[in-house]
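Chains, contacts and geometry: an overview
What follows is each chain in one-letter form.
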Amino acid sequence: MAQRYGGEFSPDGSQTSASKPMKSPKRKRAGGRANLLFIAPLPMIASVFGSGPVEMTFKLAAMGALLLAAWLTREGLIAEEAYNARRIARRPAIPRKMFAAALIGVGLALGTLSGSGSVIEPVLYAVVGLVLHVLAFGIDPLKDKSAEGVDTFQTDRVARAVEEAEAHLAAMSEAARQTRDRQIEQRVNGFADTARDLFRTVEADPRDLTSVRKYLSVYLLGARDATVKYADLAERAPSQEARADYLSLLDDLQQNFADRTRKLMVNDKADLDVEIGVLRDRLAREGIRHTE
């Protein structure tokens, strides 16, 4: 999809040095095949109201199970994408895709049971539907992801902090969409990308969590509240001055988060240099020479 240029000399505003180029949106796995699951039960509507009360009840229950399975599948794919995007993450608390596969089987069994006196046929449909769903969408992640060499306690701390921070970013994005201002949405998305760079850096080295906790909690909470308040003001009484102030706030936040990420990376490089120096000294004592 074509996008309007939004650089420094664009008529709709300037782009500060803190702003990052807008990334191409990624196609989400939650679309496509998952959305087809919402369409699949719809042909049953035509046969529902011409049936007897028992058969109608079975078919309505089957439609409900299939539609709930479609929703769970989509939510499970969204949760899996978030899990895969993080270096440290806890497995989804609810195995949505596995529940969806079971509901697909239940829905197909109820749909065929209404028109069949045999029990074998519904069971076969249920098994086939469950297996095909698992083959098409897989199962939910079943274990937590952690950084190598990091204890479980540190992993849980980082995972909880990042989940809380992601919730703040999601609330910001939702509030920005309510403004129906494309530039605001783009700038909020740009800030979210910068914030996630900081998240990934902390996940790579959980020891950094203490030094950036206020960024993941206090600063993001303030940014969320400011975005919600601006969205409410933009709906009730639009103000160019308030809009400019909010964009300036986003620039400051984005610059601060970017600076903090760079400092963490510099510190990590310094730690690596120290470890390399210590290792070289140890090798030298063992009589092994280092050659450049």
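Residues numbered from 1 in each chain as written. Predicted model: local features only at pLDDT ≥ 70, side-chain atom pairs only at ≥ 80, totals over all residues. Heavy atoms only, no water.

1. Description of the overall build of the protein
Each helix and strand counted, the protein has nine helices and zero strands in total. Listing the helices and strands of the protein from first to last along the sequence gives α-α-α-α-α-α-α-α-α. A separation threshold of at least 6 residues defines the contact pool for the protein, and within that pool the share at least 24 residues apart is 76%. In the form shown here, the protein has an accessible surface area of approximately 17700 Å², with 59% of it arising from carbon and sulfur atoms. (Helix = DSSP H or I, 4+ residues; strand = E, 2+ residues; numbered from the N terminus. Contact = heavy atoms within 4.5 Å. Areas by Shrake-Rupley, 256 points an atom, 1.4 Å probe, with all protein chains shown as cover.)

2. A look at the pattern of salt bridges
Applying the stated criterion across every chain, the model contains eight salt bridges. The partner of Arg 243 in a salt bridge is Asp 181, and the shortest N-O contact between them spans 2.7 Å. With Arg 243 in helix α9 (residues 240–285) and Asp 181 in the loop between α6 (152–179) and α7 (182–204), this pair connects stretches of sequence that are 62 residues apart. Here the two residues Arg 243 and Asp 181 agree in accessibility, since each one is buried. (Salt bridge = Lys/Arg side-chain N within 4 Å of Asp/Glu carboxyl O. Buried < 20%, exposed > 50% of the residue type's maximum accessible area, 1.4 Å probe, protein only.)

3. A word on the side chain of Glu 166
Note on placement: Glu 166 falls in helix α6. Leaving out residues up to four positions away in the same chain, Glu 166 has contacts with Arg 86, Arg 196, Phe 199 and Arg 200.

4. Considerations on α7
Here α7 contains 23 residues, and its C-alpha end-to-end distance of 33 Å stays within 8% of the 33 Å for a straight helix at 1.5 Å per residue. Where α7 begins, one side-chain oxygen reaches toward the backbone nitrogen of Gln 183, 3.1 Å away; that side chain belongs to Asp 181. (Expected span 1.5 Å × (residues − 1). Polar contact = N/O pair within 3.5 Å; in protein donor to acceptor, adjacent residues only side chain to side chain.)

5. Overview of unusual backbone geometry
Its identity as a non-glycine residue notwithstanding, Arg 180 has a phi of 55°, on the positive side. With respect to the secondary-structure elements, Arg 180 resides in the loop between α6 and α7. Judged by its relative accessible area of 74%, Arg 180 is exposed.

6. Examining the packing of helix α4 (residues 96–113) against helix α5 (residues 120–137)
Their axes nearest at 8 Å, the elements α4 and α5 cross at an angle of 150°. Taken together, the axes of α4 and α5 are roughly antiparallel relative to one another. Where α4 crosses over α5, the handedness of that crossing is right-handed. Judged by residue contacts, Lys 97, Ala 100, Ala 101, Ala 102, Ile 104, Gly 105, Leu 108, Ala 109, Thr 112 and Leu 113 of α4 engage Pro 122, Tyr 125, Ala 126, Gly 129, Leu 130, His 133, Val 134 and Phe 137 from α5. (Axes fitted to C-alpha atoms, helices over the stretch in contact; angles between N-to-C directions. Parallel < 35°, antiparallel > 145°, perpendicular 65-115°, else oblique. Left-handed = near helix turned anticlockwise from the far one by under 90°.)

7. As for the UniProt feature "transmembrane region" (unreviewed entry) in the protein
The UniProt record annotates "transmembrane region" (unreviewed entry) at residues 30–50, 56–77 and 98–116. Annotated as 100% helix and 0% strand, the span residues 56–77 places its first and last C-alpha atoms 32 Å apart. (UniProt positions renumbered as here; feature names shortened; annotations may be inferred.)

8. Topic: a nonpolar patch on the surface
Taken together, the side chains of Met 98, Val 119, Val 123, Val 127, Val 128, Leu 130, Val 131, Leu 132, Val 134, Leu 135, Ile 139 and Leu 142 define a hydrophobic patch exposed on the protein surface, amounting to about 1000 Å² of accessible area. Looking at the element boundaries, Val 131 is found in helix α5. (Patch = residues over 30% accessible without salt bridge, like charges linked within 9 Å, V, L, I, M, F, W, Y side chains within 5 Å.)

9. A word on the environment of Leu 169
Checked against the element boundaries, Leu 169 lands in helix α6. Given the relative accessible area of 1%, Leu 169 is considered buried. When the C-alpha positions of Leu 169 and Ala 192 are compared, they lie 6.4 Å apart, and in sequence the two are 23 residues distant. Here Leu 169 is in contact with Phe 191, Ala 192, Ala 195, Arg 196, Phe 199 and Leu 220, once residues within four sequence places are set aside.

10. Here we look at the confidence of the model for the protein
When pLDDT is averaged across the protein, the result is 78; 75% of the residues are at 70 or more. Note on residues 1–25: pLDDT is under 50 here. Beyond four places in sequence and across chains, it has 34 contacts. Low pLDDT (under 50) marks residues 270–274, which in the prediction has one contact with non-local residues, meaning those over four places away or in another chain. (pLDDT = per-residue confidence, 0-100.)

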